[in-house]
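A structural walkthrough
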Amino acid sequence: MRPLPEFMPALITPFTQRGEIDIKAHTHNMRVLADRGIEGFVVAGSNGEGPYLEPGERERLVKAGRRRKAHFMCGIASESTRGALAQMAEATEAGADSLLVLTPTTLARGRDDVIVDYFRTVADRASLPVFLYSVPPVTSYSMPLELVARLSRHENIIGMKDSSGDVVRLQSIIDAAPRHPRSPSSR
């Protein structure tokens, strides 16, 4: 795994007029940011496009950047464990360095046991480090603090992106979760 930078902007996935990924624009965006000192990128999903990417598109996004000596975190957004594992395999094969796994919500919202099983299964099977990803304004589900604390004890879940906008909640998460030796906050 390439070193985990403390700052990784989420790249917007550019599309052509025909609705296909615009790899030329994608590589341009990475080049511009890399020239400004950015050492890591989040691709395939932190700007809302993750659930809408087709099979093979995560691979194209990650592979397009592999010529750079940067860390690539790939978004995983699926409502099923099977779908998440397929996306994970694609990201891993393409050369991603870590995974940003969005909370499933359609049938799992409010069913903490299902959420825990989902993340544990993904983390157990991942050869890459896993980051939890919670976006309550979009998913209408905020992972309970106790659940986040439980999941943070998994050896392959090394961090979390919480887009709740609630700074009190963020501090509560930091206080409840143990520091992971591979997470950027441990340095």
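Since this is a predicted model, take the numbers as computed values, not measurements.

1. Things to note about a nonpolar patch on the surface
- A contiguous nonpolar surface patch, about 270 Å² in accessible area, is contributed by Val167, Val168 and Leu170.
- Here leucine 170 is to be found in helix H7 (residues 167-176).
- For leucine 170, a relative accessible area of 30% corresponds to the partly exposed category.

2. Remarks on the pairing of strand S3 (residues 98-102)
- Among the five residues in S3, five count as buried, and that is most of the element.
- Side chains Ser98, Leu100 and Leu102 project from S3 onto one buried face, and the interleaved Leu99 and Val101 project onto a second face that is buried too.
- Relative to S3, strand S2 (residues 71-76) runs parallel, the two being bridged by four bridges. Note on S3: the bridge partner recorded for cysteine 74 is leucine 99.
- The β-α-β motif built from S2, the intervening helix H3 (residues 81-94) and the parallel element S3 has right-handed crossover chirality.
- Across four bridges, S3 lies against strand S4 (residues 130-134) in parallel orientation. Each residue of the ladder has a partner; that of leucine 99, found in S4, is valine 130.

About the cut-offs
Residues numbered from 1 in each chain as written. Predicted model: local features only at pLDDT ≥ 70, side-chain atom pairs only at ≥ 80, totals over all residues. Heavy atoms only, no water. Patch = residues over 30% accessible without salt bridge, like charges linked within 9 Å, V, L, I, M, F, W, Y side chains within 5 Å. Areas by Shrake-Rupley, 256 points an atom, 1.4 Å probe, with all protein chains shown as cover. Salt bridge = Lys/Arg side-chain N within 4 Å of Asp/Glu carboxyl O. Helix = DSSP H or I, 4+ residues; strand = E, 2+ residues; numbered from the N terminus. Buried < 20%, exposed > 50% of the residue type's maximum accessible area, 1.4 Å probe, protein only. Pairing = 2+ DSSP bridges. Right-handed = clockwise from strand over helix to strand, strands pointing away.

Geometric values such as these leave the question of function open.
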